[in-house]
Amino acid sequence: MRAARWRRNGFIVAFLSPAVLLYAFFVLIPFLQTFQLSFTSFSGVSSKRKFVGWENYQYLFKDEVLWTSFKNVAILLGVAGPIIFILSLLLAHAISGDSRGAKVIRAIYLFPQIISIVAVAVLWRFIYHPTGGILKGLGIHGPYDGWLGTSSTAFWCVCVAFIWVSLGFYTMLFSAGIRSMPREVLEACELEGARGWKKFAKVTWPMLFSLRRVAAVYVAIHVMATFALVNVMTDGNPADSTQVPLNYMVYLMHRESDFGGASALAAMNFFVVLAVSLVVMFLFRRNPEEGRAR
Amino acid sequence: MRKGLTWFAYVAFFVITVFPLLWVLMSSFKDGASILRSPWEMPAGMAWENYGNAWTTGKLGASLVRSLITTVATLALLLPIGAMAAYVLARFTFKGKAFLTGTFLGGMMFPNILAAVPVFLLASKLKMYDTLWGLVIIYVAYSLSFTIFVLSGFFSAIPKELEEAAVIDGCGYASTFFRVVLPIAKPGLIVVGLFNGIGLWNEYNLAKVMMSAQNATLSVNLANLTNNQFYKADWGALFAGLVIVMLPVLVVYWLFKDRIQQAMLAGAIK
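Just so it is clear, the structure is predicted and the values come from calculations on it, not from any experiment.

This part is about the overall build of chain B. Scanning chain B for helices and strands turns up 14 helices and 0 strands. Along chain B, helices and strands appear, N-terminal first, in the series α-α-α-α-α-α-α-α-α-α-α-α-α-α. When its C-alpha atoms are laid out on the principal axes, chain B stretches across 75 × 60 × 30 Å. Relative to its full complement of 270 residues, chain B shows a buried share of 54%. Relative to all contacts within chain B whose residues are 6 or more apart in sequence, the contacts with residues 24 or more apart total 71%. Split by element, the accessible area of chain B, about 11900 Å² in all, is 70% carbon and sulfur. Separation of charge centres in chain B, based on 19 positive and 11 negative side chains, amounts to 6 Å.

What follows is the structure in structure tokens.
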């Protein structure tokens, strides 16, 4: 009996340890170290780490670029987020049938999501290119320095690219929700003659309450994770007008060798994600149908 | 009227999604000057030399090989390691299981680049910085959360009776896993492998931070090439590079789109 227990426990340990060790060493411990490093100051791999308390944070708070970068993710969250949310919901509703058009859209809607984010970023740089881009080809002339070269337009252009690349994922999420709705509800819906917009407002929207919350939390997470799109499209330029926290973090780390500051920024980013996710979960907390029944 | 609206939405979405990709493909066969002059014109001939230029002068060939090696090596390590852990978490009860599961799950919530500073320091200390094997190890570690999560789902769905029968027949735990469970879970492994494979092929964040420009992987190299070529006229090679990055992924996606969507959904809805 004891031998059997030993064998079982030995098996568990042997099978878990490679994953646990790798995860602990390269994901979990570095993650926790970020907070520790955010209170230190050092500028190289082997240079001495000095404890500086909240200095990195104080320094960052005075940094205008930090505020721009958080303002920019706020724009993504507050403007691009709702647009993605609504468009993907409507699109999911529109492709829930079995028509040929719906099938074609279902086959292609994840294309932007599945190709490399670098390809997406490069592609959009060319769409906005001042002399040879798609927009120029359509006869739409942008500002003199180009859409991405002008501070007042650049970040909105990034927003459009962000919406383009994100739409498919949320459409997939909502489509799955629509497809898993109970048959009886849909049949009752048909019998009552509710279709199109009416069906969307009275059935689809209320039935998707839990997925709406999932999607909203994902918008928050995805927005706060924005890095590659900005890094390749603009790298924060012009004049830091398109900067986002994670790209600024990599800038501090690579170009300025300010490892402490970069860690502080990462820590701040983490707490902002956490706070935003909690707020979003609170806003989308309740099943509206249940509330009425009670 | 309603039908018309729906069809308008279909066409608009189709054009917005697919058209830019076709534009890239078309432009990859034009010479740089004519892309710049008339972005809408069909290519005059097939300028295959763009692909040659991308391969050699853009050094995309070397970085493509690096991306291929990292992707394959990562999958070769990730799938067995992930499957073993997922199986134990799906089938056995032990102290600390909830904590472990939660910790692995938590990894899917924060961006991999958040811990860039400590990971960079650790990699430098272990002589992993700017090496392919170092990148592979880091990739495996950061892909574990998703892999374990989706595979546990597959393992939980396999009826327990099969394993019990195998144990009665005298199979040990490990050989039950390798001989009975894994073959049944093969569809799950394929799905997870495909999805991870696409993500690894496309990966930018960690490759950017962990590799120097000379040893860049395909995605990073393409981004660098864009920065170098953007204000020069020779865009032909750049567009060819874009096609080289996108095409394999789109082909794989097209062949397995239902399964890949299934994996994405399983990872997304927890």
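The rest of the description comes next.
Contacts between chain B and chain A engage 91 residues on the former and 85 residues on the latter. For the pair chain B and chain A, the two sides together bury roughly 7900 Å², of which 81% comes from carbon and sulfur. Looking only at chain B, the three residues that lose the most surface to chain A are Tyr10, Phe13 and Leu114 of chain B, adding up to 9% of its buried area. Counting the contacts that link chain B with chain A gives 13 residue pairs in polar contact (both at pLDDT 80 or more).

Bringing the pattern of salt bridges into the picture now. Tallied over the full model, the rule gives 3 salt bridges over all chains. Residue aspartate 235 of chain A is joined to arginine 255 of chain A by a salt bridge in which the shortest nitrogen-to-oxygen separation is 3.2 Å. Remark: arginine 255 of chain A occurs in the loop between α13 (245-254) and α14 (259-283) and aspartate 235 of chain A occurs in the loop between α12 (228-233) and α13; sequence separation between them is 20 residues. Judged by its relative accessible area of 24%, aspartate 235 of chain A is partly exposed. For arginine 255 of chain A, a relative accessible area of 57% corresponds to the exposed category. A salt bridge links glutamate 163 of chain B to arginine 91 of chain B; its shortest N-O distance comes to 2.9 Å. Placement of the pair is glutamate 163 of chain B in helix α8 (residues 160-168) and arginine 91 of chain B in helix α4 (residues 60-91), with a sequence separation of 72 residues. Assigned by exposure class, glutamate 163 of chain B and arginine 91 of chain B land together as buried.

Below, the discussion takes up helix α11 (residues 209-224) of chain A. With 16 residues, α11 of chain A should cover 22 Å at 1.5 Å per step; its first-to-last C-alpha distance of 23 Å lies within 8% of that length. Of all the residues in α11 of chain A, the buried ones are Leu211, Arg212, Ala215, Ala216, Val217, Tyr218, Val219, Ala220, Ile221, Val223 and Met224 of chain A.

Turning our eyes to something else, we now look at the environment of leucine 283 of chain A. Residues and elements named next belong to chain A. Structurally, the position occupied by leucine 283 is in helix α14. The exposure class of leucine 283 is exposed, given its relative accessible area of 60%. In the structure, leucine 283 is positioned 70 residues away from arginine 213 in sequence and 8.5 Å away in space, judged by C-alpha atoms.

This part takes up the packing of helix α1 (residues 2-37) of chain A against helix α7 (residues 132-157) of chain B. Their axes nearest at 9 Å, the elements α1 of chain A and α7 of chain B cross at an angle of 115°. Relative to α7 of chain B, α1 of chain A is oriented so that their crossing is left-handed. Residue-level inspection shows Ala19, Leu22, Tyr23, Phe26 and Val27 of chain A of α1 of chain A in contact with α7 of chain B, the latter providing Ile137, Ile138, Val140, Ala141, Tyr142, Leu144, Ser145 and Ile148 of chain B. Of the residues in the contact of α1 of chain A with α7 of chain B, the class split is 12 nonpolar, 1 polar and no charged.

Next up on the list: the nonpolar core. Judged by nonpolar contacts, the single largest core of 198 residues is most densely connected at Ile114, Met233 and Met249 of chain A together with Ile138, Leu144 and Phe155 of chain B. The leading source of residues in this core is helix α8 (residues 151-179) of chain A, at 17 residues.

Here the focus is the packing of aromatic side chains. Summed over all chains, the structure comprises 44 aromatic pairs over all chains. Where phenylalanine 11 of chain A meets phenylalanine 92 of chain B, the ring centres are 5.4 Å apart and the plane angle is 45°; that geometry is what we call tilted. With one member in each of two chains, phenylalanine 11 of chain A in helix α1 and phenylalanine 92 of chain B in the loop between α4 and α5 (97-106) form a pair that bridges those chains. Given the relative accessible area of 6%, phenylalanine 11 of chain A is considered buried. We classify phenylalanine 92 of chain B as buried; its relative accessible area is 8%. Look at phenylalanine 92 of chain B and tyrosine 173 of chain B: their rings are 5.6 Å apart centre to centre, the planes differ by 70°, and that puts the pair in the edge-to-face class. Of this pair, phenylalanine 92 of chain B sits in the loop between α4 and α5 while tyrosine 173 of chain B is found in helix α9 (residues 173-184), placing the two residues 81 residues apart along the sequence. Three or more aromatic residues joined by ring pairs make a cluster, and in this case those are Phe11 and Phe15 of chain A together with Tyr87, Phe92, Phe155, Tyr173, Phe177 and Phe178 of chain B. The lysine or arginine in question, arginine 49 of chain A, covers the ring of phenylalanine 42 of chain A, its NZ or CZ lying 5.0 Å from the ring centre. Positioned above the aromatic ring of tryptophan 205 of chain A, the side-chain terminus of arginine 212 of chain A is 4.0 Å from the ring centre.

As a further point, take a nonpolar patch on the surface. A cluster of nonpolar residues, Val104, Leu138 and Ile140 of chain A together with Trp7, Val11, Phe14, Val15, Phe19 and Trp40 of chain B, forms a patch on the protein surface that exposes about 760 Å² of accessible area. At 5 residues, helix α1 (residues 2-27) of chain B tops the list of elements feeding residues into the nonpolar patch. Note that tryptophan 40 of chain B resides in the loop between α2 (32-37) and α3 (49-56).

A word on helix α9 (residues 183-192) of chain A. Across the 10 residues that make up α9 of chain A, only a small minority, 1, are buried. In the stretch just after α9 of chain A, glycine 193 of chain A is the one whose phi turns positive, near 80°.

What counts and what doesn't
- Residues numbered from 1 in each chain as written.
- Chains lettered and ligands numbered in written order.
- Predicted model: local features only at pLDDT ≥ 70, side-chain atom pairs only at ≥ 80, totals over all residues.
- Heavy atoms only, no water.
- Helix = DSSP H or I, 4+ residues; strand = E, 2+ residues; numbered from the N terminus.
- Buried < 20%, exposed > 50% of the residue type's maximum accessible area, 1.4 Å probe, protein only.
- Contact = heavy atoms within 4.5 Å.
- Areas by Shrake-Rupley, 256 points an atom, 1.4 Å probe, with all protein chains shown as cover.
- Lys, Arg positive; Asp, Glu negative; His and termini not counted.
- Charge placed at Lys NZ, Arg CZ, Asp CG, Glu CD.
- Buried area = accessible area lost by both parts, 1.4 Å probe.
- Polar contact = N/O pair within 3.5 Å; in protein donor to acceptor, adjacent residues only side chain to side chain.
- Salt bridge = Lys/Arg side-chain N within 4 Å of Asp/Glu carboxyl O.
- Expected span 1.5 Å × (residues − 1).
- Axes fitted to C-alpha atoms, helices over the stretch in contact; angles between N-to-C directions.
- Left-handed = near helix turned anticlockwise from the far one by under 90°.
- Nonpolar A, V, L, I, M, F, W, Y, C, P; charged D, E, K, R; others polar.
- Core = buried A, V, L, I, M, F, W, Y, C linked by side-chain atoms within 4.5 Å.
- Phe/Tyr/Trp six-rings, centres within 6.5 Å; stacked < 30°, edge-to-face > 60°.
- Lys NZ or Arg CZ within 6 Å of the ring centre and 35° of its normal.
- Patch = residues over 30% accessible without salt bridge, like charges linked within 9 Å, V, L, I, M, F, W, Y side chains within 5 Å.

Read these as layout, nothing more, since geometry by itself doesn't imply function.
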